[in-house]
Amino acid sequence: MSNVKITAPQAADQSSFFGNLRHKLPKDTGIFVVMVGIALIFEIAGWYVRDQSFLMNTNRLVLIILQVAIIGIIAVGVTQVIITTGIDLSSGSVIALTAVVAASLAQTSDSLSPMYPSLVNLPAVIPIVAGIGVGLLCGVMNGVLITKTGIPPFIATLGMMVSARGLAQYYTQGNPISFLSDGFTSIGQGAMPVIIFLVVAFLFHIALKHTRYGKYVYAIGGNMTSAKVSGINVNKYLIIVYTIAGALSGLAGVVLAARVSSGQSSMGMAYELDAIAAAVIGGSSLMGGVGRITGTLIGAVILGLIKSGFTFVGVDAYVQDIIKGIIIVAAVSIDMHRNRKKR
C-alpha cells in the first residue's frame, strides 16, 4: 500500500485555502464561538450539579438579557472611548446621578414626600430628557478636562466617578426616590431595555463603520499625531466621544431607574468595570484603534452568561468577582500580546 505524499505546492494551496477561509469569516467569529462554548459548559454543569438545564430556563435567560442590556448600553459608549486610547471610569457613578435626577422628575402625586411637590405627574419625556442631559453634561466635562487641560483620561474620569457618586448621594440625602409614573417606568419594563440597547448598538455600529465620525475615531486611536497632521480636529472628536459615552450612561441610568421603579444613589456600582470588560473581551484594544460594537455586544453577553452561570451552579459571589477579575486581566494580556506580535 503506497503512502500519499503532499507536495510543497499542495501544502501551500491548503494553507492558502484555510487562510482565505479565516479571512472570509466574520471578524467576531472567534469570540462568538467562545460565547457558545461558555453557554454549553454551564449547560453541562447545570445537569451535573443541579440536575436541570441552564439554557432552557426562560426566566433565567430573560434576566441575563436584561442585565446585558443595561451594561451593553454603557459599553457601546465605552468602546468608542477605548478605540481612541482613552478610558471612562465614571459610567457607573453617572448612572446613579442620572437615575436619581430622572426619578425625582418622574414622581407622581401619590408620593408621600415628593422632591419637587410642584413638579409631579410630569410627562415621561421630561425626566427621560433630563436624565440623558445630565449624563451628556458629565461626558462633556470629561472631554473638556482631557482635551483642554491635558489630564490623562484615567484621572479625569476617576474624578468624575467620585464627584458624580457624591452628587447623587447629596441630591437624595441617601434616600431612595420612588412612586414613579407609569409612563416613565414603561421604558424599563418587558423587552424595552433590550430594544433600546439593540437600537443604540445598531446606530453606533453604522456610525463607526460607515461615517466620517467613525473613520476619525479609528484614526485618532491608531495614531493621534498622524491624525492631527492629516487635519483632523482631534480635540473636537475626543469631546464628542466622551459626550456620547456620558449620554449613553445617562440613558442607561434612566432605563435602570424605570426598570426598578426607583432612583437610588447606590445604583450602577462597578458597572463601569463590567462595561470596560465587555469591550475588551469583545476585542477592543486598550492600545487604541481597534474595536467593534458587535464584539462588545458579544462580550456583554459573555459577562451575563458567566455571572448567571456561576450563580446557577452555586459559586460564591466573592469568588465570582475573583474569576471576573482574572478574565479581565487575561483579556488585556491577550490584547497586549497581540499588539506586540503586530509590531
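Refer to the structure printed above.
Overview of the structure. The shown structure was predicted, so the numbers you read here are calculated from the model rather than taken from an experiment.

About the cut-offs
- Note that residues are indexed from 1 along each chain, following the sequence as it is written.
- Note on the predicted model: pLDDT of at least 70 is required for a residue's local features to be given, and 80 or more for side-chain atom pairs to be given and counted; whole-chain, interface and lining totals, by contrast, use all residues.
- Calculated side-chain values reflect all of the structure's heavy atoms, with hydrogen atoms and water omitted.
- The helix and strand labels rest on DSSP assignments: H or I over at least four residues marks a helix, E over at least two residues marks a strand, and numbering proceeds from the N terminus.
- Our radius of gyration is a C-alpha quantity, and the globule rule it is checked against amounts to 2.2 Å times the number of residues to the power 0.38.
- Relative accessibility decides the category of a residue: with a 1.4 Å probe and only protein chains considered, values under 20% of the type maximum give buried, values over 50% give exposed, and everything between is partly exposed.
- Contacts between residues were defined by any pair of non-hydrogen atoms, one from each residue, lying within 4.5 Å.
- Only centres within 6.5 Å qualify two rings of Phe, Tyr or Trp (six-membered ring in Trp) as a pair; their planes then separate them into stacked at under 30 degrees, edge-to-face at over 60, and tilted for everything else.
- The directions considered for the arc run from the helix axis to the C-beta atoms.
- Whenever a helix is involved, its axis is fitted only over the stretch in contact; in every case the axis is a line through C-alpha atoms, and angles between N-to-C directions fall within 0 to 180 degrees.
- Working rule for angles: under 35 degrees goes down as roughly parallel, over 145 as roughly antiparallel, 65 to 115 as roughly perpendicular, anything else as oblique.
- Whether a crossing is left-handed or right-handed is set by the direction in which the near helix is turned from the far one by less than a right angle, anticlockwise for left-handed and clockwise for right-handed.
- Each residue is assigned to one of three groups, with Ala, Val, Leu, Ile, Met, Phe, Trp, Tyr, Cys and Pro labelled nonpolar, Asp, Glu, Lys and Arg labelled charged, and all others, Gly among them, labelled polar.
- The rule is simple: put a 1 Å grid over the protein atoms alone, call a set of points where a 1.4 Å probe fits but cannot get out a cavity, call an open set with protein on both sides within 12 Å along at least five of seven lines a pocket, and count a residue as lining if it has an atom within 4 Å of a point.
- Grid points are joined across faces, edges and corners, and a volume is the space filled by probe spheres set on the points.

The next point concerns the overall build of the protein chain. From N to C terminus, the protein chain includes 14 helices and zero strands. For the protein chain, the sequential pattern of α-helices and β-strands runs α-α-α-α-α-α-α-α-α-α-α-α-α-α. Relative to its length of 343 residues, the protein chain is compact, with a C-alpha radius of gyration of 22 Å against a globular reference of 20 Å. Overall size of the protein chain, expressed as C-alpha extent along the three principal axes, is 95 × 60 × 30 Å. Counting every position in the protein chain, which comprises 343 residues, the buried fraction comes to 46%. For the protein chain, the share of sequence-separated contacts (at least 6 apart) that also reach a separation of at least 24 residues comes to 78%.

Turning to the packing of aromatic side chains, a few remarks are in order. Geometrically, a pair of aromatic rings is defined through the distance of the ring centres and the angle of the planes. Across all of its chains, the model carries four aromatic pairs by this definition. Seen in terms of ring centroids, Phe-42 and Phe-54 are 5.6 Å apart; in terms of plane orientation they differ by 45°. Their pairing is tilted. One end of the pair, Phe-42, is in helix α2 (residues 29-49); the other, Phe-54, is in the loop between α2 and α3 (58-83), and 12 residues separate them in sequence. When sorted by exposure, Phe-42 lands in the same class as Phe-54, which is buried. Here the aromatic cluster, defined as three or more aromatic residues joined through ring pairs, consists of Phe-42, Phe-54, Phe-310 and Phe-312.

Let's shift gears to helix α9 (residues 212-222). Residues of α9 that are buried: Tyr-213, Gly-214, Val-217, Ile-220 and Gly-221. Angularly, the buried residues of α9 cover 130° about the axis, an arc narrow enough to put them on a single face. Structural note: α9 exposes Arg-212, Lys-215 and Gly-222 on the side pointing more than 90 degrees away from its buried face. Structurally, α9 contributes buried residues whose contacts are with α3, α8 (192-210), α10 (224-229) and α11 (234-260).

Here we take up the packing of α3 against α8. One can describe the packing of α3 onto α8 by two numbers: an axis separation of 8 Å at closest approach and a directional angle of 20°. Taken together, α3 and α8 sit at an angle that is classed as roughly parallel. In this structure, α3 meets α8 at a crossing whose hand is left-handed. Residues Ile-65, Leu-66, Val-68, Ala-69, Gly-72, Ile-73, Val-76, Gln-80 and Ile-83 of α3 form the contact with α8, whose participating residues are Pro-193, Val-194, Ile-196, Phe-197, Val-200, Ala-201, Phe-204 and Leu-208. Across the contact of α3 with α8, the residue classes tally to 15 nonpolar, two polar and no charged.

Here the focus is empty space enclosed by the protein. Within the structure shown, the criterion is met by one cavity of 30 Å³ or more. Space inside the largest cavity adds up to approximately 30 Å³. Lining the largest cavity, in full, are Asp-88, Ser-90, Ser-91, Val-94, Gly-135, Cys-138, Gly-139, Asn-142, Gly-246 and Ser-249. Within the residue set of the lining of the largest cavity, elements represented by two or more residues are α4 (91-104), α5 (125-149) and α11. Among the elements that line the lining of the largest cavity, the one with the most residues is α5, at four residues. A per-class count over the lining of the largest cavity returns two nonpolar, seven polar and one charged.

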